[in-house]
Amino acid sequence: QITTVSGNEFLLQSDIDFLILDWFHAIKNAIDRLPKEQRITSRNLEFKLRRSSSIELLHNLDTESKEPKPEHRKSLIFRLNYSASDTNDRNRVKSRLKKFISRRPSLKTLQEKGLIKDQIFGSHLHLVCEHEKSTVPQFVRLCIQAVERRGLDVDGIYRVSGNLATIQKLRFVVNQEEKLNLDDSQWEDIHVVTGALKMFFRELPEPLFPYCFFEQFVEAIKIQDNATRIKAIRSLVKKLPRPNYDTMKILFEHLQKIAAKESVNLMSTQSLGIVFGPTLLRPEKETGNMAVHMLYQNQIVELMLSEYSKIFSSEED
C-alpha cells in the first residue's frame, strides 16, 4: 500500500509472494538511487516522488533518480507497508483459513439453525414457494407486474441488459427480505427488473423445466406433425410439479403479452425463445451437443408462446 501525504492511496495487490517481493525490491532500489538528502529512512520506507499518477509512479520507481526540475517540484511522501516477515504471516493466515473453511457448517445447517435466512435467489423453486405459502414466487409476480405496467412498449425488453451492479443490488434487497417496491426510483430502468427476473431463473439450482423432463421436451419438439407436437408438449407440461407449472403458466402468459407488442418492442416469439430458451431449460450435464440443445431450447419456448392457449388450456383433450 502506497499512501501520499495528501491522502491518496495506491494498492498493489497479488497473491503471488515472489511478485510482491519483486515490487518491494523495485521500490526500495528506486529509493536507494535518490540523493541522500531526499531519502527518509524508516521502518515503512518513506520516500519522495514528484508524480501522483499510479502509472507514472511505477515508471518513476524504475527510472527516476535525478533531482526534479523546479517547475515539477511537487513532492509527495509515499509510504510502503510491507516487510519480509509478511510472507510467513500470510502463509500462517492461509493455513488457518483453510482449516476453518474445511470445518465450516453447510448452508443448510446454518439455515436450519436460523443463522442465515432462506434466500430467494439460488434456492429451489419449491422451497421458495413453500416458504411463501404459494405456488408462484412473489418476486416473479412483482417483476411481471412492473414490466406490464411500464415495459411492454420498451424496445428490446428482456433482450437489452440492465446495469449489472444495480441488478445485483436488487438481488441483495430481495434476498434480505426487505420490503420491495419496484416502482422506487432506484429500479426506474425497467431493464434492471427484467435482468433480475432472468437472473432469478438462471440461478435456480434446477431450472423451471426440471432436468428429468429435458430429454422428453426435446423429443416432443422433434415431432414433425404440429398437432401431435403440441399435444406432446401439453402432456409434459401437465405433469410438471405444481410450483413449476403455475410459475411457467404465469410467465408464459406474460411473455405472450410482450410478443403481442412486437410492432413496438421488436420482441417476437422467436426473439423471446432465444432469450429464455437456455434460461428456462437445460440438460443436467452438458454434452457435445450444446449447439443442438440450444436450438431445441429456443424452439420449445417459441412453440409454447405461439400455442399458449392450447398448451395451458384447462380443457381436457
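Residues numbered from 1 in each chain as written. Predicted model: local features only at pLDDT ≥ 70, side-chain atom pairs only at ≥ 80, totals over all residues. Heavy atoms only, no water.

An unreviewed UniProt entry lists the protein chain under the name RHG15 protein, with Lanius ludovicianus given as the organism.

Before going further, it helps to spend a moment on the packing of aromatic side chains. Tallied over the full model, the rule gives 11 aromatic pairs. Summarising the aromatic geometry, the rings of Tyr-245 and Phe-312 are spaced 5.8 Å apart at their centres and angled 45° between planes, so their arrangement reads as tilted. Of the two residues, Tyr-245 is situated in helix 11 (residues 242-260) and Phe-312 in the segment after helix 15 (308-311); the sequence distance between them amounts to 67 residues. Assigned by exposure class, Tyr-245 and Phe-312 land together as buried. Taken together, Phe-209, Phe-213, Phe-217, Tyr-245, Phe-252, Tyr-308 and Phe-312 form an aromatic cluster joined through their ring pairs. (Phe/Tyr/Trp six-rings, centres within 6.5 Å; stacked < 30°, edge-to-face > 60°. Helix = DSSP H or I, 4+ residues; strand = E, 2+ residues; numbered from the N terminus. Buried < 20%, exposed > 50% of the residue type's maximum accessible area, 1.4 Å probe, protein only.)

With that settled, consider the pattern of salt bridges. One pass over the structure, following the stated rule, counts nine salt bridges. Note that Glu-203 and Arg-171 form a salt bridge whose closest N and O atoms lie 2.9 Å from each other. Taken as a pair, Glu-203 in the loop between helix 8 (190-202) and helix 9 (211-221) and Arg-171 in helix 7 (residues 164-175) lie far apart in primary sequence, 32 residues in all. Looking at Glu-203, the relative accessible area reads 27%, which means it is partly exposed. Judged by its relative accessible area of 24%, Arg-171 falls in the partly exposed class. Across the salt bridge formed by Glu-219 and Lys-222, the nearest N and O atoms sit 3.3 Å from each other. Given the relative accessible area of 36%, Lys-222 is considered partly exposed. Connected through shared salt-bridge partners, Arg-149, Arg-150 and Asp-183 make up one network. (Salt bridge = Lys/Arg side-chain N within 4 Å of Asp/Glu carboxyl O.)

Turning next to helix 5 (residues 125-132). Along an α-helix, residues three or four apart share an orientation, since each turn contains 3.6 residues. Along helix 5, the residues that are buried comprise Leu-125, Val-128 and Cys-129. Within helix 5, the buried residues cover an arc of 95° as seen down the axis, which keeps them to one side. Looking one or two places after helix 5, you find Lys-133, whose phi comes out positive at around 55°. (Arc of directions from axis to C-beta.)

Moving on: the nonpolar core. Judged by nonpolar contacts, the single largest core of 67 residues is most densely connected at Tyr-158, Phe-209, Phe-252 and Met-304. Those residues in contact with Phe-252 that sit more than four places away from it in its chain are Phe-209, Leu-280, Val-301, Met-304, Leu-305, Tyr-308 and Phe-312. (Core = buried A, V, L, I, M, F, W, Y, C linked by side-chain atoms within 4.5 Å. Contact = heavy atoms within 4.5 Å.)

Right, let's get into the confidence of the model for the protein chain. Taken as a whole, the protein chain shows an average pLDDT of 79; of its residues, 69% reach a score of 70 or greater. Counting interchain partners and residues more than four positions distant, the pLDDT-below-50 stretch residues 40-79 has 75 contacts. (pLDDT = per-residue confidence, 0-100.)

Our next topic: a nonpolar patch on the surface. A cluster of nonpolar side chains, Val-93, Leu-97, Phe-100 and Ile-101, forms an exposed patch at the surface whose accessible area comes to about 390 Å². Tracing the backbone shows Ile-101 in helix 3 (residues 86-103). (Patch = residues over 30% accessible without salt bridge, like charges linked within 9 Å, V, L, I, M, F, W, Y side chains within 5 Å. Areas by Shrake-Rupley, 256 points an atom, 1.4 Å probe, with all protein chains shown as cover.)

Turning our attention to the environment of Ser-235. Structurally, the position occupied by Ser-235 is in helix 10 (residues 226-238). When the C-alpha atoms of Ser-235 and Ile-311 are compared, they prove to be 8.2 Å apart, with 76 residues separating the residues in sequence.

Relative to each other, helix 5 and helix 11 sit at 90°, their axes nearing to 9 Å. Classified by the interaxial angle, the pair formed by helix 5 and helix 11 is roughly perpendicular. Every residue of helix 11 that contacts helix 5 at Leu-125, His-126 and Cys-129 is listed here: Pro-243, Asn-244 and Thr-247. Here the contact of helix 5 with helix 11 is built from residues that sort into three nonpolar, three polar and no charged. (Axes fitted to C-alpha atoms, helices over the stretch in contact; angles between N-to-C directions. Parallel < 35°, antiparallel > 145°, perpendicular 65-115°, else oblique. Nonpolar A, V, L, I, M, F, W, Y, C, P; charged D, E, K, R; others polar.)

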